Amino acid sequence: MIIRVSPYERELLLTCPETEDLTRTMVLDQQSLVGSEEQVDALRDACSEALQRIGFDVSYDLTAEGRVLEDLIDKLFIR
C-alpha cells in the first residue's frame, strides 16, 4: 500500500518518537510511504499515541501538529 504524504507530514512522522522508527522503514521517497496493511495499521496507532502527547494545548484545543496527525490518522485508515 502506498500513502502520499506532504513534506510536513513526512517530517512530523520522522521526528515523533512514536512514529519515527516505523516511518523510516516505510519511506519510499520524499512524498510516499509504502507498507503492508499491518505496518499501516501500526503507524496509524502510533499517530494516535502521538496525538495524545502533542496534539492538544493546555485548553485541549488542537495544535498544528494535532491537526496534521488527525489528517494522517484518516489517511492511514484502511477501508
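Structure report, in brief. (Residues numbered from 1 in each chain as written. Predicted model: local features only at pLDDT ≥ 70, side-chain atom pairs only at ≥ 80, totals over all residues. Heavy atoms only, no water.)

### Looking at the packing of helix H1 (residues 7–15) against helix H4 (residues 64–75)
Two quantities define a packed helix pair, namely the angle between the helix axes and the distance between the axes. Convention followed: Axis lines are fitted to C-alpha atoms, over the contacting stretch for helices. Their N-to-C directions set the angle, which ranges from 0 to 180 degrees. Under the DSSP-based scheme used, a helix requires at least four consecutive residues in state H or I and a strand at least two consecutive residues in state E, with every element numbered from the N terminus. Here the word oblique covers every angle except those under 35 degrees (roughly parallel), over 145 (roughly antiparallel) and from 65 to 115 (roughly perpendicular). Residue contacts are defined here by distance: any two heavy atoms, one from each residue, within 4.5 Å place the two residues in contact. By the convention adopted, Pro, Cys, Tyr, Trp, Phe, Met, Ile, Leu, Val and Ala count as nonpolar, Lys, Arg, Asp and Glu as charged, and the other residues, Gly among them, as polar.
At their nearest, the axes of H1 and H4 sit 11 Å apart, and the two run at 95 degrees to each other. In terms of their interaxial angle, H1 and H4 are classed as roughly perpendicular. Together, Tyr8, Glu9, Leu12 and Leu13 of H1 and Glu65, Val68, Leu69, Asp71, Leu72 and Lys75 of H4 make up the contact between the two elements. Looking at the contact of H1 with H4 residue by residue, the classes come out as 6 nonpolar, no polar and 4 charged.

### A closer look at the environment of glutamine 52
Within the secondary structure, glutamine 52 sits in helix H3 (residues 37–54). Separated by 12 residues in the primary sequence, glutamine 52 and alanine 64 have C-alpha atoms spaced 13 Å apart.

### Here we look at a nonpolar patch on the surface
Operational definition: Patch building starts from residues that exceed 30% relative accessible area and form no salt bridge, then joins like charges within 9 Å and nonpolar side chains (Val, Leu, Ile, Met, Phe, Trp, Tyr) within 5 Å. For every accessible area listed, the method is Shrake-Rupley and the probe measures 1.4 Å; residues are considered covered only by the protein chains on display. Criterion for a salt bridge: a side-chain nitrogen of Lys or Arg within 4 Å of a carboxyl oxygen of Asp or Glu. A simple rule labels every residue: compare its accessible area, found with a 1.4 Å probe on the protein chains alone, to the largest value its type can have, and call it buried under 20%, exposed over 50%, or partly exposed in between.
There is a patch of nonpolar side chains on the surface, built from Ile2, Leu28 and Val34 and spanning about 260 Å² of accessible area. Inspection of the secondary structure puts leucine 28 in strand S2 (residues 27–29). For leucine 28, a relative accessible area of 48% corresponds to the partly exposed category.

### Concerning unusual backbone geometry
If you check the backbone angles, tyrosine 60 has positive phi at about 65 degrees while not being a glycine. For tyrosine 60, the location among the structural elements is in the loop between H3 and H4.

### A look at the side chain of arginine 44
With respect to the helices, strands and loops of the structure, arginine 44 is situated in helix H3. Its relative accessible area of 18% is what places arginine 44 among the buried residues. Residues within four places of arginine 44 in sequence aside, it is in contact with Ile73, Leu76, Phe77 and Ile78.

### Let's talk about the packing of H3 against H4
As a reminder of what qualifies: By convention, the crossing between two helices is left-handed when the near helix turns anticlockwise from the far helix through less than a right angle, and right-handed when the turn is clockwise.
It is the contact of H3 with H4, at a shortest axis distance of 9 Å, that shows an interaxial angle of 160 degrees. It follows that H3 is roughly antiparallel to H4 by the angle criterion. The interaxial crossing formed by H3 with H4 has left-handed handedness. Residues Arg44, Cys47, Ser48, Ala50, Leu51 and Ile54 of H3 form the contact with H4, whose participating residues are Glu65, Gly66, Leu69, Glu70, Leu72 and Ile73. Grouping the constituent residues of the contact of H3 with H4 by class yields 7 nonpolar, 2 polar and 3 charged.

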